[in-house]
Amino acid sequence: MNAGDVVREVQHRTENGVSWITLNRPEAMNAVTWDQRERVIALLADASADPGVRSVVITATGKGFCAGADLRGAPANDGERAPGDVARTIRRGAQRFIAAVLDCEKPVIAAVNGTAAGIGAHLAFACDLVLAADSARFIEVFVRRGLVPDGGGAYLLPRLVGPQRAKELMFFGDALSAGDAERLGLVNRVVAPGDLEKTAREWSERLAQGPTRALALTKELVNSSLDGDRAAAFAAEAAAQEINMTTSDANEGVASFVERRVPRYRGL
C-alpha cells in the first residue's frame, strides 16, 4: 500500500485542539490493515507530543467502526512458520495498536458508528471514553474463528465488566447491542447515529479546554490502579499531584477558584 492510500484510508484532521482519526475503508467495514495500524499508532504518538492537540477522537466512516484485523497488509511470511512467529506478530501489531491508545497522553474518545468486532472492539474499549450510535454492535469474534482473543482483550474486558461477564462475552462471541454495552459499563453514552459526531465534538472540545497535563496524569493513575496494590496507587497519586502542581494550568485552576472566575486552561 502506498502512502497516498494509507492517508486516504486513515483520514486525519485537527480542529479546535482535537485530533480526529477516522478509519475510512467502509467497503471492508473498516477492517484494519497493518499499514493502517501503523498510521494510527503514529498519529496517537504525534498527539501526545503536540501541545496543540489536547484530545483525540477515533471514529470511522460507513456502517462499521472496525470489523477486526485485515491481515492482507501484513509483512509477508516466507517459508514455514517458526515457533515464536505468531507471538511476535501479535506483539508488533495488535498489542502495539491497543497500547498506543492506552499510552496516549491525551484523552481519547471512541465514537463507535457501527460494528466493532475483534480488535475493533478492543480499540473502542481501550479508549478513555466510548460513545456509540444506537445501531452499533460489539462482538468478541475470536471464538467464532477458533482463536484466543488478542489485542489486549483479556486484559481490558475483566477490568471493565469483571471476569464472569468477560468470559461470557469471549466464550460465546455473541453480538452485544450498544444499549447492552452501555448497561454493562463498556459504553459511556448511546446516541442516535445522527448525533454521534456532534456529541463526540462536544465532549472532545470540552476536554480540549481542560487542564491537559492533569488529565494525562489522571488517565495514567486510573489505568495503572488496577495493576498494583493500594500503597503503589497512593504513591503514584502523590507523585502525580507533585508533578501536576508545577504546571501553569494547576496554578490557573487555583487562582481562578480564589478569584471566583472561570479558569482559562492552556494545556501547559
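Above this text you will find the structure in question.
Read on for a plain summary of the structure.

A separate point is the overall build of the chain. Helix and strand counts for the chain stand at eleven helices and ten strands. Rg of the C-alpha trace for the chain: 19 Å, near the compact-globule value of 18 Å for 268 residues, within the 12% margin. When contacts within the chain are restricted to residue pairs at least 6 apart in sequence, long-range pairs at least 24 apart make up 70% of them. Carbon together with sulfur atoms contributes 54% to the accessible area of the chain, which is approximately 13900 Å² in total. Across the chain, 32 positive and 34 negative side-chain charges occur, with their mean positions spaced 2 Å apart.

Right, let's talk about the packing of helix 5 (residues 153-161) against helix 6 (residues 163-172) for a bit. Where helix 5 meets helix 6, the closest approach of the two axes is 7 Å, and the angle between their N-to-C directions is 130 degrees. In terms of orientation, helix 5 and helix 6 fall into the oblique class. Helix 5 and helix 6 meet at a crossing whose hand is right-handed. Residues Gly153, Ala154, Leu157, Pro158 and Val161 of helix 5 lie in contact with helix 6, whose contacting residues are Pro163, Arg165, Ala166, Leu169 and Met170. Taken together, the residues that form the contact of helix 5 with helix 6 break down as eight nonpolar, one polar and one charged.

This paragraph deals with the packing of aromatic side chains. By the definition in use, this model includes one aromatic pair. Seen in terms of ring centroids, phenylalanine 125 and phenylalanine 138 are 5.5 Å apart; in terms of plane orientation they differ by 25 degrees. Their pairing is stacked. A residue pair is termed long-range when its members are at least 10 positions apart, and phenylalanine 125 in helix 4 (residues 119-126) and phenylalanine 138 in strand 8 (residues 137-139) qualify at 13 residues. The exposure class assigned to phenylalanine 125 is buried, which follows from its relative accessible area of 7%. For phenylalanine 138, a relative accessible area of 3% gives the class buried. Just above the ring of tyrosine 155 sits the side chain of arginine 159; from NZ or CZ to the centre is 3.8 Å. One cation-aromatic arrangement involves arginine 230 over phenylalanine 234; the distance from NZ or CZ to the ring centre is 5.9 Å.

Now for helix 3 (residues 85-103). For helix 3, built from 19 residues, the straight-helix expectation of 27 Å at 1.5 Å per residue is met to within 8% by its first-to-last C-alpha distance of 25 Å. Within the span of helix 3, buried status applies to Asp85, Gly93, Ala94, Phe97, Ile98, Ala100 and Val101. Buried residues along helix 3 sit against helix 2 (34-49), strand 3 (55-60), strand 5 (108-112), helix 4, helix 5 and helix 9 (212-225).

Once that is clear, we can look at the packing of helix 2 against helix 3. It is at 9 Å that the axes of helix 2 and helix 3 come closest, and there the two elements cross at 30 degrees. With respect to helix 3, the axis of helix 2 lies roughly parallel. As helix 2 runs across helix 3, the sense of the crossing is left-handed. Contacts from Trp34, Arg37, Glu38, Val40, Ile41, Leu44 and Ser48 in helix 2 reach Thr89, Arg92, Gly93, Ala94, Arg96, Phe97, Ala100, Val101 and Asp103 in helix 3.

Grouped burial of nonpolar side chains is what soluble globular proteins tend to show. The biggest cluster of nonpolar side chains holds 47 residues, and the ones touching the most others in it are Leu44, Val56, Ile58, Phe65, Val112 and Phe138. Considering every element that reaches this core, the biggest residue donor is helix 4, with six residues. Leave out the neighbours within four places in its chain, and phenylalanine 138 touches Val112, Ala116, Ala124, Phe125, Ala132, Asp174, Ala175, Leu176, Ala178, Ala181 and Val187. Core analysis: the next-biggest nonpolar cluster, separate from the first, contains twelve residues, Val18, Ile109, Leu196 and Leu207 among them.

So, about empty space enclosed by the protein. Counted by the stated rule, this structure contains one cavity of 30 Å³ or more. Here the largest cavity defines a volume of roughly 60 Å³. As for the largest cavity, its lining consists of Ala121, Phe125, Phe138, Ile139, Glu140, Leu157, Leu169, Asp174, Leu176 and Leu186. Taken together, the residues that form the lining of the largest cavity break down as eight nonpolar, no polar and two charged.

Considering all chains together, one arrives at 15 salt bridges under this definition. Between glutamate 168 and arginine 165 there is a salt bridge, with the nearest N and O atoms lying 3.5 Å from each other. Linking glutamate 168 with arginine 165, this pair stays in helix 6, spanning three residues, or about one helical turn. Connected through shared salt-bridge partners, Arg13, Glu15, Glu197 and Arg201 make up one network.

Conventions and cut-offs
Residues numbered from 1 in each chain as written. Predicted model: local features only at pLDDT ≥ 70, side-chain atom pairs only at ≥ 80, totals over all residues. Heavy atoms only, no water. Helix = DSSP H or I, 4+ residues; strand = E, 2+ residues; numbered from the N terminus. Rg over C-alpha atoms; globule rule 2.2 N^0.38 Å. Contact = heavy atoms within 4.5 Å. Areas by Shrake-Rupley, 256 points an atom, 1.4 Å probe, with all protein chains shown as cover. Lys, Arg positive; Asp, Glu negative; His and termini not counted. Charge placed at Lys NZ, Arg CZ, Asp CG, Glu CD. Axes fitted to C-alpha atoms, helices over the stretch in contact; angles between N-to-C directions. Parallel < 35°, antiparallel > 145°, perpendicular 65-115°, else oblique. Left-handed = near helix turned anticlockwise from the far one by under 90°. Nonpolar A, V, L, I, M, F, W, Y, C, P; charged D, E, K, R; others polar. Phe/Tyr/Trp six-rings, centres within 6.5 Å; stacked < 30°, edge-to-face > 60°. Buried < 20%, exposed > 50% of the residue type's maximum accessible area, 1.4 Å probe, protein only. Lys NZ or Arg CZ within 6 Å of the ring centre and 35° of its normal. Expected span 1.5 Å × (residues − 1). Core = buried A, V, L, I, M, F, W, Y, C linked by side-chain atoms within 4.5 Å. 1 Å grid on protein atoms, 1.4 Å probe; cavity = no way out; pocket = protein on both sides within 12 Å on 5 of 7 lines; lining within 4 Å. Points joined across faces, edges and corners; volume = space filled by probe spheres on them. Salt bridge = Lys/Arg side-chain N within 4 Å of Asp/Glu carboxyl O.

Note that every value here comes from positions in space, so none of it alone points to a role or purpose.
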